[in-house]
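So you can see what is in the structure, the chains are spelled out below.
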Amino acid sequence: MEKQKKLWQLFLFSALSFILSAGIMAIAFAKNDIHPFGNEQILVVDLWHQYYPFFRVVREKLLTGGSFLYSWENGMGTNFLSLISYYAMSPINWISVFFSEENARDALTLILVLKIGFAGGFFSWFLGYTFSRKDISVVPFGILFALCSYTLGYYWNVMWFDTIALFPLVMTGVVAICREGKWKLFTISLALSLISNYYVGYFTCLFTVLAFAVSAVCNCKGIKDFFYKLWITARSSVIGIALGGFILLPAYFGLKLTYSANNSFPKDHAFYEKWTDIFANMLTYSEPSTKEGLPNFACGMLALVLLGVFIFAPKIRIREKISTVLILAFITVSCNLNILNYIWHGFHFTNMIPYRFAFIFSFVLIVSAYRAYDIIMKNGIKIYQIIFMTVFPAVVFYLNYRKNHDIIKEMPDNFKYSIVIACGFIFIFIVSKFLSVEFKNAYKYIMSFMLLAGVCTETYFNANIGVKTVDTTSYSYPSNYEGVKALLSAIDQSESDLFWRTECTSTYTLNDSSAYGYRGISQFSSSANVSVTRFIKKLGLYGSDAGNRYMYRISAPTTNALLGIKYIISKSGQQYADDTFLEYYGASGNSYLYKNKYYLPLGYMMNDDILNLGSDILDKGDHDIPFEYQNSIFRLATGTDGDLYTPQPVAVANHNGVYVTKNSYGSYSYNINQDEKANAKMTFEYTVPENSVLYGYVSNNFKNVSVKSSIGTVDSNVDISDYPVMFPMGSAEAGENIKLEIKMNDERPNGVAKVMVYALNKDLFEQMYQKLADEPFVITDFSDTKIKGTVNALEDGIMYLSIPYEKGWSVWVDGEKQELVELMDAMSGVRVPAGIHEIKLRYIPEGFIVGTSLTIVSALLFVLLMILDSKKKKKLIPEPENIPEPESIPEPENISEKACEENEES
């Protein structure tokens, strides 16, 4: 009963830590007008482009019963299980189903606040268990961890914070193993950490090795006990990892298809930052790093104040101090040394946010601070301890002074406020010292309450600074949402086909199909298939291998046909003037809908020669030029001679503020005149040939391109600042000139650029299109993971499928399993003989069956070990008749409270 009472007390104080941590963050959001308290939202950076759109798809699947194995709303079709293993596997996401679609972003904000609250609550639980304290003292330190600078700078990476919140529970499990041999908490919390986010879970696994070493040194009783606890930890780790097999193994195979798989180990060592700058960044009231910058180590001035007590306390064993200092030093070096940083980040160099495991430093520092506070609570406040409290704040203040005194004449606010708050905490200890004379034990609770008030004040102001630094965006997201949804609904009601794709003429996020809810092309995620990215780039669309992204922009009919795009929406408020290949289909508000006149379905027959794309025998096209690449595809796919696209000569060239030299067709060397750089531009005019439509392609050396014809501006802003792109130049009569005006980029004052214009032969395109459209794959049954239909092949050939090639897809022709063929180094296909055939496709992520089997086996093993443990404990309990009567039990000696405390300390 006494044990249960203490556990209940610890639960209550952990719950208070949860409430205060979550409450402080919520108040900071409200202070910054986050909806529903204002008209702002937390969606910024990748939370805007990635995390929320994927979260919206998860919510949609929860409500509609869609499969979590595959999604057609991401990148033409993607392994959704692999994607959400990093972005959206949080169990808390399930509460989003209780929110309306309009308030889904509010659900995400609430989920983030809850995760921060859990971080504080679980950290307080860790302290209570580790240091056998079940009082208010654990609360302020839980808040310090929950609202450390790492949280306040990186909270927009909302998917990390499940595992960060669970981190203290995993460490509690490590202590429980080393202290009592109890392994269940460690196993379950480790499994949940990896399932929620394998990436941050990897950090947890690495640190578990260090944590076990330190905990074993402090708790194990001899070599035999050490190896026994090591065995339990290793066994529990394997079971915990295996419990997540159903998600971890598909995630592993999915990552093998990404660009990150090509990372190589650094050959030379290098340091990123000055060592003194890293530690100088531990002041409170400072702007945290949000994308780039120093490691976010700061976790409140109380942690620095108590660190001196920890280091110099005679009652703390030397090995405990050395272990702690070594871990803090190792984490610091790991952040700053490229080799260790590369290993910590999963043998990968990150794109932004270079120190993603920095929260571990704050964890260790706050634990050390609480260890010192525990000594003070047990033995009272000593004068020398108050002196030691000034040491590390003084060091940090000095480092800041030395860093900034030459460039900042006046003391910055964060410097002044940090001094005030550090002095405030030290003053609390001084006051408590005097109170201890009058109130004896009661002063401890007064001291803890005063510290709690100070921590709440400090973390609130820090949270407010963090939200302002991360920034907010307007709640009107995404643009023209109601209009786009209305058009999508109109399509659903009018369509008889079971599958089609839709895209937008321009992007609002880099995952518009996920944000608006349609089957599209674009994808920006760390799980993006790099083969698809390269294929999209070859077609002339936006794409970046290292950036893990590819995006659709209004393009040519050949591109739309290959990608299976049936509808195109303009949500920019501008109607698309060219009706050569698209027909107007409707409007809603400022959004306009167009139907592709030359739509090709998900699958259709191609000539066998498509397998020779890129070979020297049948294909000699330059695949670095999108027009030539598409010429090769259509020529080989249809078996029709002739080029769809032919290069066009420049009719007139007129440049302003830039010197231009032609190297070869479409290749130009340029040099901006610095005196005229503000208005520097290149201008080319091209004459429209008979029965043709012009398309341009410009490399990413410039700002943008404007396309103008005799009827006016066709496109005023083709963005080419980051990626080269192929774009339509509008319809014009034969013999007319169309002008390209290219705005120069002063950040790239000279170089070599591509400016190409090709003419599409409309008659030849019509002929090739009809040949492909005559043999469609007619879908009769469609779901996220299963497709069934028929195809009437006029001759033996390859049925092309505009589905990214993955080993997870299986295909059957007339009930017989066939090999899935990779086409164009990215897409899927299957050999089909002449005649009418039934085609079935099924998707199961690679590794899912094996991973699920591991999960089931490990779950059974976990239950079996629990049963064996229970039986073992029963055997250790003596029989009732052997238990002495109460009156035969001798009364305990009267031991003073001080003696008890000394004994417990020993």
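None of the values given here were measured: they were computed from a predicted structure.

### A closer look at the overall build of the chain
So, step 1. A count of helices and strands for the chain gives 28 helices and 31 strands.
So, step 2. The C-alpha radius of gyration of the chain comes to 32 Å, within 12% of the 29 Å expected for a compact globule of 906 residues.
So, step 3. Structurally, the chain occupies a C-alpha span of about 110 × 75 × 50 Å along its principal axes.
So, step 4. By the burial criterion, 56% of the 906 residues in the chain qualify as buried.
So, step 5. Sequence separation of 24 or more characterises 75% of the internal contacts of the chain that already satisfy a separation of 6 or more.

### Examining the side chain of Ser588
So, step 1. Relative to the assigned elements, Ser588 resides in strand 10 (residues 582–588).
So, step 2. The class of Ser588 is buried, set by a relative accessible area of 19%.
So, step 3. When neighbours within four sequence positions are excluded, Ser588 is seen to be in contact with Gly483, Ala486 and Leu487.

### Notes on the packing of helix 8 (residues 184–196) against helix 10 (residues 223–243)
So, step 1. The N-to-C vectors of helix 8 and helix 10 enclose an angle of 40°; their axes lie 8 Å apart at closest approach. For helix 8 against helix 10, the interelement crossing comes out right-handed. Note on element contacts: helix 10 touches helix 8 through Thr233, Ser236, Ser237, Ile239, Gly240, Ile241 and Leu243, opposite Phe186, Thr187, Leu190, Ala191, Leu194 and Ile195.
So, step 2. The residue makeup of the contact of helix 8 with helix 10, split by class, is 8 nonpolar, 5 polar and no charged.

### Considerations on helix 14 (residues 318–336)
So, step 1. For helix 14, with 19 residues, the first-to-last C-alpha span of 27 Å sits near the 27 Å given by 1.5 Å per residue.
So, step 2. Along helix 14, the residues that are buried comprise Glu320, Lys321, Ser323, Thr324, Ile327, Leu328, Ile331, Thr332, Ser334, Cys335 and Asn336.
So, step 3. On the buried face of helix 14, the contacting elements are helix 9 (198–219), helix 12 (275–280), helix 13 (301–312), helix 15 (338–344) and helix 16 (359–379).

### Some remarks on the confidence of the model for the chain
Low pLDDT marks regions whose predicted coordinates should not be analysed in detail.
So, step 1. In the predicted model, the chain carries a mean pLDDT of 90, and the fraction of residues at 70 or more is 94%.
So, step 2. The model gives residues 882–906 a pLDDT under 50, and that stretch makes 13 contacts with residues more than four places away or in other chains.

### Thoughts on helix 13
So, step 1. Within helix 13, 10 of the 12 residues are buried, which leaves the element mostly enclosed by the surrounding structure.
So, step 2. When helix 13 is considered as a whole, its buried residues turn out to be Met301, Leu302, Ala303, Leu304, Val305, Leu306, Leu307, Gly308, Val309 and Phe310.

### Examining a nonpolar patch on the surface
So, step 1. Judged by side-chain polarity, Trp8, Phe11 and Leu12 come together as a nonpolar surface patch covering roughly 330 Å² of accessible area.
So, step 2. Summarising the element assignment, Phe11 is placed in helix 1 (residues 2–31).

### Concerning the environment of Leu539
So, step 1. On the secondary structure map, Leu539 appears in helix 23 (residues 530–539).
So, step 2. The exposure class assigned to Leu539 is buried, which follows from its relative accessible area of 0%.
So, step 3. With residues near it in sequence (within four places) discarded, Leu539 still touches Thr559, Leu562, Leu563, Pro626, Tyr629, Gln630, Ile633 and Met726.

### Regarding the nonpolar core
So, step 1. With 171 residues, the main nonpolar core has Phe141, Trp160, Leu306, Ile360, Phe429 and Met447 as its most contacted residues.
So, step 2. Tallying contributions element by element places helix 16 first for this core, with 15 residues.
So, step 3. Apart from residues no more than four positions distant in its own chain, Phe141 is found in contact with Phe123, Leu127, Leu302, Leu306, Ile366, Ala369, Tyr370 and Tyr373.

### Points about the pattern of salt bridges
So, step 1. Throughout the structure, instances matching the rule amount to 23 salt bridges.
So, step 2. Put simply, Arg133 and Asp135 hold a salt bridge, and the shortest N to O gap is 3.2 Å. Both residues of the pair, Arg133 and Asp135, belong to the buried class.
So, step 3. Here Asp497 ties to Lys566 by a salt bridge, and the two come within 2.8 Å at their closest N and O atoms. Of this pair, Asp497 sits in the loop between helix 21 (481–494) and strand 5 (501–504) while Lys566 sits in strand 9 (residues 565–570), and the two are 69 residues apart along the sequence.
So, step 4. The exposure class assigned to Lys566 is buried, which follows from its relative accessible area of 7%.

### Description of the state of the cysteines
So, step 1. Applying the stated criterion across every chain, the model contains 0 disulfides.
So, step 2. In this structure Cys299 is a free cysteine whose sulfur lies 6.7 Å from that of Cys148, the closest cysteine sulfur available.
So, step 3. The buried category is assigned to Cys299, whose relative accessible area is 4%.
So, step 4. Of the cysteine sulfurs around Cys423, a residue in no disulfide, the closest is that of Cys299, at 18 Å.

### Points about the sheet that holds strand 12 (residues 603–606)
So, step 1. Taken together, the 4 strands give an open sheet; going across it, the order is 12-26-30-29, and neighbouring strands pair in antiparallel fashion. The sheet is open, and its two edges are formed by strand 12 and strand 29 (821–823), each paired on a single side. The average angle at which neighbouring strand axes cross in this sheet is 40°, direction not considered.
So, step 2. With 4 bridges connecting them, strand 12 and strand 26 (residues 797–804) associate as antiparallel partners. Residue pairing for strand 26: Met605 is matched across the bridge by Met799.

### Notes on the sheet that holds strand 24 (residues 777–782)
As a general point, the strands of a sheet are linked pairwise by backbone hydrogen bonds and lie either parallel or antiparallel.
So, step 1. The antiparallel open sheet is built from 5 strands, whose spatial order is 24-25-31-27-28. What marks the edges here is a single partner per strand, and that holds for strand 24 and strand 28 (816–818). Averaged over all pairs of adjacent strands, the angle between their axes in this sheet comes to 30°, without regard to strand direction.
So, step 2. Here strand 25 (residues 786–793) pairs with strand 31 (residues 835–843) via 8 bridges, running antiparallel. In the strand pairing of strand 31, Gly789 is matched with Ile839.

### Some thoughts on the pairing of strand 21 (residues 725–728)
So, step 1. Neither face of strand 21 is exposed, since Val725 and Phe727 on one face and Met726 and Pro728 on the opposite face are all buried.
So, step 2. Two elements, strand 18 (residues 692–698) and strand 21, share 4 bridges in a ladder whose sense is antiparallel. Bridged to Gly696 within strand 21 is Phe727.

### A look at the packing of aromatic side chains
So, step 1. Applying the stated criterion to the full structure yields 79 aromatic pairs.
So, step 2. Seen from their ring centres, Phe123 and Phe145 are 4.9 Å apart, and the 15° between their planes marks the pair as stacked. In this pair, Phe123 sits in helix 4 (residues 104–130) while Phe145 sits in helix 5 (residues 138–146), placing the two residues 22 residues apart along the sequence. Judged on exposure class, the residue Phe123 and its partner Phe145 are both buried.
So, step 3. Connected via pairs of aromatic rings, a cluster forms that spans Tyr51, Phe54, Tyr86, Tyr87, Tyr198, Tyr199, Tyr202, Phe203, Phe330, Trp344 and Phe357.
So, step 4. The residue whose ring lies beneath Lys61 is Phe80, and the NZ or CZ to ring-centre distance is 5.3 Å.
So, step 5. Sitting over the face of the ring of Phe524, Arg549 holds its NZ or CZ atom 4.1 Å from the ring centroid.

### Section: the pairing of strand 10
So, step 1. Sheet topology places strand 10 next to strand 11 (residues 591–596); 6 bridges connect them, and they run antiparallel. Paired with Ala587 across the strands is Tyr592, a residue of strand 11.

### What about the side chain of Arg59?
So, step 1. Take Arg59: it is sitting in helix 2 (residues 45–64).
So, step 2. Buried Arg59, no salt bridge; nearest opposite-charge side chain is Glu101, N-O distance 5.1 Å.
So, step 3. Of the polar contacts made by the side chain of Arg59, one reaches the backbone oxygen of Ser96; its length is 3.2 Å.
So, step 4. Residues within four places of Arg59 in sequence aside, it is in contact with Ser96, Phe99, Ser100, Glu101 and Ala104.

### Some points on the environment of Phe702
So, step 1. Mapping Phe702 onto the fold places it in the loop between strand 18 and strand 19 (704–709).
So, step 2. Between the C-alpha atoms of Phe702 and Leu452, which are 250 residues apart in sequence, the distance is 55 Å.
So, step 3. If we skip the residues at most four places from it in the chain, Phe702 touches Tyr670, Met682, Ile720, Ser721, Ile742, Lys743, Met744, Asn745, Arg748, Ala753 and Val755.

Procedures and definitions
Residues numbered from 1 in each chain as written. Predicted model: local features only at pLDDT ≥ 70, side-chain atom pairs only at ≥ 80, totals over all residues. Heavy atoms only, no water. Helix = DSSP H or I, 4+ residues; strand = E, 2+ residues; numbered from the N terminus. Rg over C-alpha atoms; globule rule 2.2 N^0.38 Å. Buried < 20%, exposed > 50% of the residue type's maximum accessible area, 1.4 Å probe, protein only. Contact = heavy atoms within 4.5 Å. Axes fitted to C-alpha atoms, helices over the stretch in contact; angles between N-to-C directions. Left-handed = near helix turned anticlockwise from the far one by under 90°. Nonpolar A, V, L, I, M, F, W, Y, C, P; charged D, E, K, R; others polar. Expected span 1.5 Å × (residues − 1). pLDDT = per-residue confidence, 0-100. Patch = residues over 30% accessible without salt bridge, like charges linked within 9 Å, V, L, I, M, F, W, Y side chains within 5 Å. Areas by Shrake-Rupley, 256 points an atom, 1.4 Å probe, with all protein chains shown as cover. Salt bridge = Lys/Arg side-chain N within 4 Å of Asp/Glu carboxyl O. Core = buried A, V, L, I, M, F, W, Y, C linked by side-chain atoms within 4.5 Å. Disulfide = S-S within 2.5 Å. Pairing = 2+ DSSP bridges. Phe/Tyr/Trp six-rings, centres within 6.5 Å; stacked < 30°, edge-to-face > 60°. Lys NZ or Arg CZ within 6 Å of the ring centre and 35° of its normal. Lys, Arg positive; Asp, Glu negative; His and termini not counted. Polar contact = N/O pair within 3.5 Å; in protein donor to acceptor, adjacent residues only side chain to side chain.

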